[in-house]
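Chain and residue survey
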Amino acid sequence: MRQIRVPLPNLWHEFGRVQDELLRMFGRPTNGPHQNLVPVGPAINIWEDDTTVFAETDLPGMNLDKLEVLVTDGDQLTIQGERQINVPTGVVWHRQERNFGQFMRQVTLPAIVDADKVEAKYDQGVLRITMPKSAAAMPKKITVQAG
Amino acid sequence: MADTTIERKEAGEIKSSVDTPDRGVTHTPRVDILETDDELLLFVDLPGVHAKDLDIRFENGELALTGRRAAHYPGKPWMWEFEPGSFYRAFRVTEQIAADKINADLKNGVLTVRLPKVEAAKPRRIAVKGE
């Protein structure tokens, strides 16, 4: 029987693939008595250094008029919007995999940020949000006094 | 057959020769494929890939896309839901395509590839003669 080893980088690929399948759900109507769109959304990465919190998410093909980024209560980041796809008429579809429809994600940030200084840039289909931490959230060096 | 499947999967993991900060992860990009009378249209989601880091080849009826993603994440992660990595996908194209007229356009992370059919492959209307 042939043994198949799955080294670590391949596992990431598998998780990504399963997550991609879950993400396909965005914008699909739920089956059930309430025919609403379930708001789910794209995957988000958040990282920080001493002065800033960064967030990034992949949103290819977005019309910026349909994208909204909000920072509320200092540490809640909301990314919501709708991705529309032009559906040309008179074509035969062979495959349809890309996500479209409404999405909404709300996440808690690791620190309170200064909402007035938040910058969001959309480049090559990637949304990157830079959020400087509020003065109170930055680490403060405390001098130790002897005696 | 088992052997062929494994080979194809490994072929999908291309370690690019360009130095990338990602951990060698290669994703399969999502694609929409449409066909009109005149051409095949591919829409590929390739977020984070610049045109200079995108490689498109059409050889022996197979279209292969390789995209390297520049990634820079200074600091420490707090929430990490996806691993940005390179992209690879290949398609077998069964229509007869005019290879010299293939056109590709990358905008906002979406790659549009137009593959025009050769004249012989376009549907032809047949006039019906009758009384």
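Residues numbered from 1 in each chain as written. Chains lettered and ligands numbered in written order. Predicted model: local features only at pLDDT ≥ 70, side-chain atom pairs only at ≥ 80, totals over all residues.

Some thoughts on the sheet that holds strand S7 (residues 119–123) of chain A
Taken together, five strands build an open sheet; the order of strands is S7(A)-S8(A)-S2(A)-S1(A)-S6(B) and the sheet is antiparallel. On the outer flanks of this sheet lie S7 of chain A together with strand S6 (76–80) of chain B, each paired with one strand and no other. Averaged over neighbouring strand pairs, the angle between their axes works out to 20° when direction is ignored. (Pairing = 2+ DSSP bridges. Helix = DSSP H or I, 4+ residues; strand = E, 2+ residues; numbered from the N terminus. Axes fitted to C-alpha atoms, helices over the stretch in contact; angles between N-to-C directions.)

Describing unusual backbone geometry
Positioned with a positive phi, A:Gln124 is a non-glycine residue whose angle comes to about 55°. Mapped onto the fold, A:Gln124 is located in the loop between S7 and strand S8 (126–132). For B:Asn60, which is not glycine, the phi dihedral falls at a positive 50°. The class for B:Asn60 is exposed, based on 7 C-beta atoms found within 10 Å. (Buried ≥ 20, exposed ≤ 12 C-beta atoms within 10 Å, placed from the backbone.)

A look at the confidence of the model for chain B
Residue and element names in this part refer to chain B. When pLDDT is averaged along chain B, the result is 81; 82% of the residues meet or exceed 70. Under a pLDDT of 50 for its full length, residues 1–22 has, in the predicted model, 24 contacts with residues more than four places off or in other chains. What the predictor reports for the complex is a pTM of 0.72 with an ipTM of 0.74. (pLDDT = per-residue confidence, 0-100. Contact = placed C-beta atoms within 7 Å.)

Structural notes on the interface of chain B and chain A
Many analyses report the size of an interface as the accessible area lost when the parts associate. Contacts between chain B and chain A engage 35 residues on the former and 34 residues on the latter. Going through the elements one at a time, helix H1 (2–11), strand S1 (26–27), strand S2 (31–35), strand S3 (39–45) and S6 of chain B are the ones with two or more residues in the side of chain B that touches chain A. Broken down by class, the residue content of the side of chain B that touches chain A amounts to 18 nonpolar, nine polar and eight charged. Sheet topology places strand S1 (residues 44–48) of chain A next to S6(B); four bridges connect them, and they run antiparallel. Counterpart to A:Ile46 in the pairing with S6(B) is B:Met79. (Nonpolar A, V, L, I, M, F, W, Y, C, P; charged D, E, K, R; others polar.)

Let's talk about the sheet that holds strand S4 (residues 76–83) of chain A
Residues and elements named next belong to chain A. Taken in spatial order, the three strands of this open sheet run S3-S4-S6, and their pairing is antiparallel. If you trace the sheet from one side to the other, it starts and ends with strand S3 (67–72) and strand S6 (101–108), each paired once. With strand direction ignored, the average angle separating the axes of adjacent strands in the sheet is 10°. Note: S3 against S4, six bridges, orientation antiparallel. Bridge assignment links valine 69 to a residue of S4, and that residue is isoleucine 79.

Regarding the environment of A:Val53
Residues and elements named next belong to chain A. Within the element layout of this structure, valine 53 appears in strand S2 (residues 52–58). Taking the C-alpha atoms as reference, valine 53 lies 29 Å from glutamine 84; in sequence the two are 31 residues apart. The contacts of valine 53, once residues within four sequence positions are left out, are Ile46, Glu48, Leu109, Pro110, Ala111, Val113, Met131 and Lys133.

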